[in-house]
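Now for the letters of each chain:
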Amino acid sequence: MTILRLGEHHAFEAADQRYLYLVPSAAVFALDAPAGALIDALSDDPVSRTDLIARVSPQFPETDLDALLTELEQIHAVRPAAEPAPEMPAIIPLTPVESFPLTTAVLNVTNQCNLSCGYCYEYSEDKIVDTTNGAQPKFMTDETARKSIDLLFRESGEVKVVHVSFFGGETLMNYPVLSRAVPYAKAQAEAHGKRVEFNLTTNATLLTTKMIEFLAEEDISVTVSIDGPRDMQNRFRVFHDGSGSYDVMLPRVRELLQRHRSRPIGARVTLTSQVNDILGIYQHLTEEIGFQEVGFAPVTTSPGRDHALDGSGFDQMVTQFKALADEFLRAALAGQHHGFSNVSETLGEIHKGVSKAYPCGAGLGLIGVATGGDIALCHRFAGSDEHNLGSVTEGLDRGAQQAFLERNHIAHKTDCHTCWARPLCSGGCYHEAHTRYGTTTHPNLHYCDWIREWTDICLRIYGEIAERSPRFLNRFDS
Amino acid sequence: MKHLTPINRKAARIAAAANPAPAGDVVALQEQGSGPPQQPEGPHIPLGCSLAFQPGWEADRNGGTAGLCSPVERDLFDCHLGCYWPAHVPDQLNHAPDWTSKCAAAQKDWRKIDLIFP
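Residues numbered from 1 in each chain as written. Chains lettered and ligands numbered in written order. Predicted model: local features only at pLDDT ≥ 70, side-chain atom pairs only at ≥ 80, totals over all residues.

On to the overall build of chain B. Along the backbone of chain B there are three helices and one strand. Ordered by position from the N terminus, the helices and strands of chain B form the series β-α-α-α. Taken over 118 residues, chain B has a buried fraction of 13%. Once local pairs closer than 6 in sequence are excluded, the contacts in chain B between residues at least 24 apart make up 31%. (Helix = DSSP H or I, 4+ residues; strand = E, 2+ residues; numbered from the N terminus. Buried ≥ 20, exposed ≤ 12 C-beta atoms within 10 Å, placed from the backbone. Contact = placed C-beta atoms within 7 Å.)

Structure, rendered in structure tokens:
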């Protein structure tokens, strides 16, 4: 007699339809009424197959419940109780690690900045690397930029499209080098028979008409770090003398948005305990300034800092995220664009059924290059000896990469093993974990509840769209 | 699947894996009888011929002959009837015309094949 129990899953409802999000496969299935009844009947304790069918059959005498149970077993929504959950295999995608291609290099073209934002992870108390008196040069040279690009192409294997990101410090403080790196990368792409795409993150205070012209001409995606209306922007995003940056940045951003239309220009907002009016910020950035995409992220900081979001801060954030996500849903059902990119990114991952062994591409397909040419996990670790993966001169240290990937695999994050949201979260940002817990291997336990709540919100939106306007989801197919 | 609808792409792949498209029938040794032919008539190629290089006919995965993909007895007839290699069987024209008369189906009746001494 087979005793059955439920497999790992998260159940949700949307548009009067019941769904299962299965873990760890990340598949989303819609259930009909008999399937829902079987799931309900199993939700308390394991039951034998015969008892289970006997319990549900009075409700659905016409249904072949045995066949239905087989379907549920095939998708692992129902499993034999005696069988242990399958073990999480580690390091599957990386054998051999040498053949794992790079797709993205983030070039920290400078570690200097003309602002001194109070929460900056690069300069504040939580910084990892001494960017003022440390060993790394303040600006990347042409030679290092070229070597970084060479390394990216050399290590990109069969990948057809590679990405070069420019980051800082304030990226535009080293505009000369980045403006020469772009044509160099394009020439290399042609020589290798590949395509290269660029993006750049900036605080926009140094943008000139000439730079805007260059960004538009060269088709470079731009993300502007900006916190919202004047009072919120000026709360943390200030110059070295303490004066706010809003009035300096605004006319330049407007000019950028007007001239550069080939790529969506995104805004990236840092949420703190003081700057957290998400609906107001979104409305200001889209309607009053004209951004097409706005993404929000809570500040990365060690606990107890003045600007850190605490429990109630996270709750408030989720409530507002939910309200803005509802706006997104209404727009999607009407076939219109909505620029709340936190939702569209999560929907894209849900649609594909992404199930991550690692929270992001850092150290996997993405590397950060420090100003001096040291390779790091990502731009946030640029220059850190502890997170070094070689240098653009010596080459990518595949041994260090392998060791990092083995250490940081979700299989070792035991706290995550009972969490249904792990296919999408996989423990969260390495840098956040390093700042909070002192190591990249630690899952970000301080925002688990928030991640689960947010994933549930996005799953409901996904279910609602799948039921009422499925064609909208085609945009996530590519 | 009848009761579950795959919604995202991963679900579609799982559903496809659970209900694979029906595979083609194995027709190699099936009799065609009076029904429609299982596969179009083609040139006769002896099964299990070392010249046609069909791995698995000499020995099975364990090195024995119990699980061969074609029965060993098959080549006894294939080689001297359909092909050009009669040296391993008795001379049926003159010396032993009836040596297989008790063997209606080689797979079943091969033990009934007469021992022939020259």
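What follows deals with the interface of chain A and chain B. Across the boundary between the two partners, chain A contributes 20 residues, which contact 13 residues of chain B. Sorting elements by how many residues they give to the side of chain A that touches chain B places strand S4 (residues 28–31) of chain A first, with four residues. Strand direction decides the pairing type here: S4 of chain A and strand S1 (residues 4–6) of chain B, joined by three bridges, are antiparallel. Of the residues in S1 of chain B, the one forming a bridge with Ala30 of chain A is Thr5 of chain B. (Pairing = 2+ DSSP bridges.)

Further remarks concern the pairing of strand S10 (residues 221–225) of chain A. Residues and elements named next belong to chain A. Counting buried positions along S10 yields four of five residues, so the element is predominantly enclosed. For the crossover that starts at strand S9 (residues 195–202), traverses helix H6 (residues 209–217) and ends in the parallel S10, the hand is right-handed. Bridging between S10 and strand S11 (residues 266–271) involves three bridges; their strand directions are parallel. Across the sheet, the residue bridging to Ser225 is Arg268, located in S11. (Right-handed = clockwise from strand over helix to strand, strands pointing away.)

All names here are of chain A. Counting residues in hydrophobic clusters, the biggest one holds 125 residues, and the most contacted among them are Phe29, Leu107 and Ile461. At eight residues, the largest contribution of residues to this core is made by helix H15 (residues 448–468). Taken together, domain 1 (3–86) and domain 2 (104–396) each give at least three residues to this core, which thus spans both. Ignoring sequence-local partners within four residues, the contact set of Ile461 consists of Ala325, Phe328, Leu329, Val343 and Leu347. With seven residues, the next largest nonpolar core counts Ile410, Cys416, Cys419 and Ala421 among its residues. (Core = buried A, V, L, I, M, F, W, Y, C linked by C-beta atoms within 7 Å. Domains from an automatic or database assignment.)

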